[in-house]
Amino acid sequence: MAGAPALDEVAMSSVPMVALNYNTRQRLSLYLNPDTVVAAGWTLLAEEMDYSYLEIRNFERVPNPTLAVLEDWEKKCPQASVGCLLELLKKIERHDVLTDIAPLIESDCKKYLRKLRSVPQPLQDDTVGSSGGADHSGEVPESFDAFICYCPQDIKFVQEMICRLEQTDHRLKLCVSDRDVLPGTCLWSISSELIERRCRKMVVIISDDYLDSAECDFQTKFALSLGPGARDRRLIPVKYKPMKKPFPSILRFITVCDYTNPHIQSWFWDRLAKALMK
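Let me begin by describing the structure that accompanies this report. (Residues numbered from 1 in each chain as written. Predicted model: local features only at pLDDT ≥ 70, side-chain atom pairs only at ≥ 80, totals over all residues. Heavy atoms only, no water.)

### Remarks on the environment of alanine 46
No. 1: Locating alanine 46 in the fold gives a position in helix H3 (residues 42-48).
No. 2: Distance in space between the C-alpha atoms of alanine 46 and proline 65 is 9.7 Å, their sequence separation being 19 residues. (Helix = DSSP H or I, 4+ residues; strand = E, 2+ residues; numbered from the N terminus.)

So this is what it looks like as structure tokens:
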């Protein structure tokens, strides 16, 4: 699309592999299929994707091993994304591939994101529950003060958040997927719609389980892929219990609301509410 801004690596990392069309994959195969000694090929790429020796030997039997590896990887790996693929190509030092097919990949990603954001709303309203109820009248869809990004293991803290922020004088309206998104809707499209257009902020509940959630990973990276002017004020990371794993690096530049710090627990909820109302 002429004049459209280039996608950065954060944006690419939020785009699943399905965005890459057949022509782009074929072009990639032309570079990686040949077995040469001067450049890394599909076998080294497969090794970086954690395929075993026997699995790689089986891929050798198919006419287009690069295509087969990509298709299998996106099916079996929840974290597989265009951004991850680009990082792997850098790791095996195929900068020639990146230079040549970068315009094709970027074009595919932009088409995918435009299509995702233009998905029409279902005839049924996508939200229902204590935050406002279903609306079948065709009026403007319900909006929220914040979208809560969390994994199922952290639901008890989310429930406490509802009590502290909705059912008090703060009277905030939170979007909690288990409560406000109707079953049967497209998970990825409705999450994107809510984050971008119907929620003023996004609270990200950080925990060890969050780091293993493909859904949370997509939601966080999608929010970060929005314009630079939006990302600074949109995301609010919340750490509510000690972690064994490193804090996600993609959120390191955003101030964290740390519930694990005993010195600030007394004003934690008021501070979070002010950030959501800002």
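Don't stop here, the text continues.
### Examining the environment of asparagine 23
No. 1: Looking at the element boundaries, asparagine 23 is found in helix H2 (residues 22-32).
No. 2: Sequence spacing of asparagine 23 and leucine 104 is 81 residues, and the spatial spacing of their C-alpha atoms is 8.8 Å.

### Some thoughts on the pattern of salt bridges
Side chains carrying opposite charge are able to pair once their charged atoms draw close together.
No. 1: Taken as a whole, this structure holds 14 salt bridges when the rule is applied.
No. 2: Across the pair lysine 91 and glutamate 48 runs a salt bridge, and its minimum N-O distance is 3.2 Å. Of this pair, lysine 91 sits in helix H6 (residues 82-91) while glutamate 48 sits in helix H3, placing them 43 residues apart in sequence.
No. 3: Classification of glutamate 48 as partly exposed rests on a relative accessible area of 25%. (Salt bridge = Lys/Arg side-chain N within 4 Å of Asp/Glu carboxyl O. Buried < 20%, exposed > 50% of the residue type's maximum accessible area, 1.4 Å probe, protein only.)

### Section: the sheet that holds strand E3 (residues 199-206)
No. 1: Strands sit in the order E2-E1-E3-E4-E5 across an open sheet of five strands; the sheet is parallel. Edge positions in the open sheet fall to strand E2 (174-175) and strand E5 (257-258), since each of these has one partner strand only.
No. 2: Two strands pair when backbone bridges link them, and strand E1 (residues 144-149) and E2 are joined in this way by two bridges, in the parallel orientation. The residue bridging phenylalanine 147 from the neighbouring strand is cysteine 175, located in E2.
No. 3: Against the sheet, helix H10 (residues 187-198) contacts E1, E2 and E3, and its axis sits at roughly 125° relative to E3. (Pairing = 2+ DSSP bridges. Contact = heavy atoms within 4.5 Å. Axes fitted to C-alpha atoms, helices over the stretch in contact; angles between N-to-C directions.)

### Topic: the packing of H2 against helix H5 (residues 65-76)
No. 1: Interaxial distance between H2 and H5 falls to 8 Å at its minimum, and their mutual angle equals 125°. By the angle class used here, H2 and H5 are oblique. Seen from H2, the contacting residues are Tyr22, Arg25, Gln26, Leu28, Ser29 and Leu32; seen from H5, they are Thr66, Leu67, Leu70, Glu71 and Glu74.
No. 2: Looking at the contact of H2 with H5, its residues break down into five nonpolar, three polar and three charged. (Parallel < 35°, antiparallel > 145°, perpendicular 65-115°, else oblique. Nonpolar A, V, L, I, M, F, W, Y, C, P; charged D, E, K, R; others polar.)

### Observations concerning the environment of leucine 235
No. 1: Looking at the element boundaries, leucine 235 is found in strand E4 (residues 235-239).
No. 2: On the accessibility criterion, leucine 235 (3% relative accessible area) is buried.
No. 3: As for leucine 235 and alanine 223, which are separated by 12 residues in sequence, their C-alpha atoms are 7.5 Å apart.
No. 4: Non-local contacts of leucine 235, meaning those with residues more than four positions away in its chain, are made with Met202, Val204, Thr220, Ala223, Leu224, Leu251 and Ile254.

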